[in-house]
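Examining the three-dimensional arrangement
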Amino acid sequence: MFLVYIFTCFIVSSITIAVIMLIKRLFSKHISEKWQYNLWFLLLIALTLPFLPKQLFHFENPFLSFDINQNNGMIDSSINNDKSLRFSNGNWMEDFTVSVHRLDLDFLNITLGSIWIIGMIVMIILSLLAWVKLKKIKSTTSVLKNQEVLHLFEQCKNRLHISKPIFIGESPLVKSPMTFGIFKTYVVLPMQLDEWMPLEKIQYIFMHELHHYKYKDIATNFILIIYQIIYWFNPLVWIAFKEMRVDREIACDAAVLKSLDEHCYVDYGNTIINFVELSSRSRNITWTNQFNGPKEQLKKRIEKIASFTMESKGLKFKSISIFALIGVFVAGQVPFVSAMSNDKSFYHFNSEENTTYKDFNEYFSNYDGSFVLYDMKADHYTIYNKNNSMKRVSPNSTYKIYTALFGLESGVIAGDHSIINWNGKHYPYEPWNKNQNLSTAMKNSVTWYFQELDQRIPKDTVQTYLRQIRYGNEDLSGGTDYWLESSLKISPIEQVQLLSAFYTNQFGFEDNNIQTVKDSLLLEVYDDARLSGKTGTGNVNGKNVNGWFIGYVETKNNTFFFATNIQNEDNSYGSKAANITLSILKDKGIIKEIGE
């Protein structure tokens, strides 16, 4: 979900920035200029984490993978052929549901996504305008003709062991020396700089700009632009990048000073001061490294130059140690990112070798839905709509199967003592307005019965059971009605896998409890098959948006498990899902029409 993704990006970036800035403040005297700048590269790593493939840091256990072929699923060949039992649960095709009121998170996701994209577009436009300005500077740049200055430039290159060609020129649009360009690097000077500045000071400028080139600061500029486009919504990222650019200039100054004699430090500082007045008349271009900067930045650089000392071995060791500790902190956020970025809205199904994908679109007409059928004897899946079959949605009343099982297992009810007294509240469905046992509650999908049953089971016990059977996303955070268009979600494939595991009792529950739930699920008895299952309808703000029918068909020599889910804006009933399911099962010859 986009909301979760943005939240993850915001939290990871903000916490990392806060930690780096705190460390820089507390240990400023114990970290060299170079390593204070290097700390920001750990931020770039942290900003990258939410975008890495989940497979690179996946910490969860493998997905649900029951051995659903433990037995052949055959039932007794003496299926009851009494046609009076064909309608063993006569109300099961009626739609009993309650409406829940939920905030439209889809609308919120779309709104936030649109705002984020608009913000990125604005940032891209601003970056392109800066790039156009840079192109204009390039178009007005002429080759530098002063041979003394050119010779000095080559000397500085040799001093820094730079052999690749670098274009050096001058432009009337430039107020301060700047370096830019990845594939072809430009060092551009203000017009006639050589006429008002001595060669000694021009040498300092060249050393500064060439250090930017040597340390790949031009490429770093491009990376910062990309991340500022993506993270435009976080003001802390803007502050951090501003600080990073200041630290980059200070680190570059320190690198230049290391290559100079101590008596040259004052001259180098004075060279920067020469551009203080220009800083108010020139604007930084994001694609470039500029010799000058805002007055606050220049003031900080001069202060650092005035207090500069060569990096000792002790300072270097402490700097590297602090950097390593922050690196460990950044790496420690990986489990958080993994947990947040793990898309639990989908179940990853990995049984392609025994799966056939069919086009059942004709059955679903105007519904966005899916159908999953599992042939236990052949150990084979038939699936319609691969993507939707893995998409997790609220189970609604289909979850009542497992509420009943949990209630039996925890001793809240028993097979022969399952009555819960009606609370006296009048419901729109007359069968709900009386005392219920498990059989009548399942038959009429009495929501209040299962809500009461669920409330009598300790929440931690329910959570333990959900983890034991690995029910969908196992999320109970939605309050008392977590299974009604709320936090708990499950995919059609998982529904089928759970039903088959329930049917063969792979959970290790009491056999008589499994059988009690099975008895309550029996819907129809045909001449050659028994149909068991549960419908479910999700009603949000008065609209039926989610319809389920899950269950199984027992024949004389096989058992077939199925799950059908349908969704649209306001016509998705469990009964509709059931009609679709029965049509498919009939056409596949698994069941016959009543009376055939």
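Residues numbered from 1 in each chain as written. Predicted model: local features only at pLDDT ≥ 70, side-chain atom pairs only at ≥ 80, totals over all residues. Heavy atoms only, no water.

Within the sequence span of helix α21 (residues 511-521), burial applies to Asn513, Ile514, Val517, Lys518, Ser520 and Leu521. For α21, the arc enclosing every buried residue in end-on projection is 160°, short of the 170-degree limit, so these residues lie on one face. Turning to α21, the residues buried within the fold contact α16 (400-409), α17 (438-443), α20 (492-503), β10 (522-525), β11 (529-540) and β12 (543-555). (Buried < 20%, exposed > 50% of the residue type's maximum accessible area, 1.4 Å probe, protein only. Helix = DSSP H or I, 4+ residues; strand = E, 2+ residues; numbered from the N terminus. Arc of directions from axis to C-beta. Contact = heavy atoms within 4.5 Å.)

In this section: the confidence of the model for the protein chain. Considering every residue of the protein chain, the mean pLDDT works out to 86; 87% of them sit at 70 or more. Confidence drops under pLDDT 50 across residues 58-88; counting only partners more than four residues distant or on other chains, this segment forms 82 contacts. (pLDDT = per-residue confidence, 0-100.)

Turning next to the packing of aromatic side chains. A full pass over the atoms with the stated rule returns 33 aromatic pairs. Their ring planes at 85° and their centres at 5.7 Å tell us that phenylalanine 360 and tyrosine 363 sit as a pair that is edge-to-face. Classification of phenylalanine 360 as buried rests on a relative accessible area of 9%. Here tyrosine 552 and phenylalanine 561 contribute two aromatic rings whose centre-to-centre distance is 5.7 Å and whose plane-to-plane angle is 50°, an arrangement assigned as tilted. Feature note: the residues Tyr399, Tyr402, Tyr471, Tyr482, Trp483 and Phe502 constitute an aromatic cluster, connected by ring pairs. The residue whose ring lies beneath lysine 518 is tyrosine 503, and the NZ or CZ to ring-centre distance is 4.0 Å. (Phe/Tyr/Trp six-rings, centres within 6.5 Å; stacked < 30°, edge-to-face > 60°. Lys NZ or Arg CZ within 6 Å of the ring centre and 35° of its normal.)

Before going further, it helps to examine the sheet that holds strand β3 (residues 167-171). A sheet is described by the order of its strands in space; here five strands give the open sequence β2-β3-β5-β4-β6, paired in mixed fashion. Both outer strands of the open sheet, β2 (142-143) and β6 (289-290), are each paired with one neighbouring strand and no more. As paired elements, strand β4 (residues 178-180) and strand β5 (residues 186-190) share three bridges and run antiparallel to each other. Residue pairing across strands places phenylalanine 180 opposite tyrosine 186, the latter belonging to β5. (Pairing = 2+ DSSP bridges.)

Time to look at the nonpolar core. Membership of the largest hydrophobic core comes to 61 residues, with the highest contact counts inside it found for Tyr399, Tyr402, Tyr449, Tyr471 and Phe502. No other element matches α20, which puts seven residues into this core. Among the nonpolar cores identified, the runner-up in size contains 45 residues, and Leu42, Leu44, Met178 and Tyr227 belong to it. (Core = buried A, V, L, I, M, F, W, Y, C linked by side-chain atoms within 4.5 Å.)

Here helix α12 (residues 313-332) is 20 residues long and its end C-alpha atoms lie 28 Å apart, about the 28 Å a rise of 1.5 Å per residue gives. For α12, the full list of buried residues reads Leu315, Ser319, Ile322, Ile326 and Val330. Seen along its axis, α12 keeps its buried residues to an arc of 90°; they face one direction. Opposite the buried face of α12, by more than 90 degrees, sit the exposed residues Lys313, Phe317, Leu325 and Val328. (Expected span 1.5 Å × (residues − 1).)

With eleven of twelve residues buried, β11 is to be regarded as a mostly interior element. As defined by bridge partners, β10 adjoins β11 across three bridges and the pair is classed as antiparallel. Each bridged residue has a counterpart across the sheet, and for leucine 522 the counterpart in β11 is serine 532. Turn length for the β10-β11 hairpin, with the two strands adjacent in sequence and antiparallel, is three residues. Here β11 runs beside β12; their pairing, made up of twelve bridges, is antiparallel. Paired with serine 532 across the bridge in β12 is tyrosine 552. Taking the residues that link successive antiparallel strands as the turn, the β11-β12 hairpin has two residues, and the phi of asparagine 541 there is positive, at about 55°.

All right, on to the pattern of salt bridges then. This structure, assessed with the given rule, holds ten salt bridges. Between arginine 456 and glutamate 452 there is a salt bridge, with its nearest N and O atoms 3.0 Å apart. Of this pair, arginine 456 and glutamate 452 both sit in helix α18 (residues 447-456), separated by four residues, roughly a single helical turn. Among the charged side chains, a salt-bridge network with shared partners connects Glu249, Asp253 and Arg301. (Salt bridge = Lys/Arg side-chain N within 4 Å of Asp/Glu carboxyl O.)

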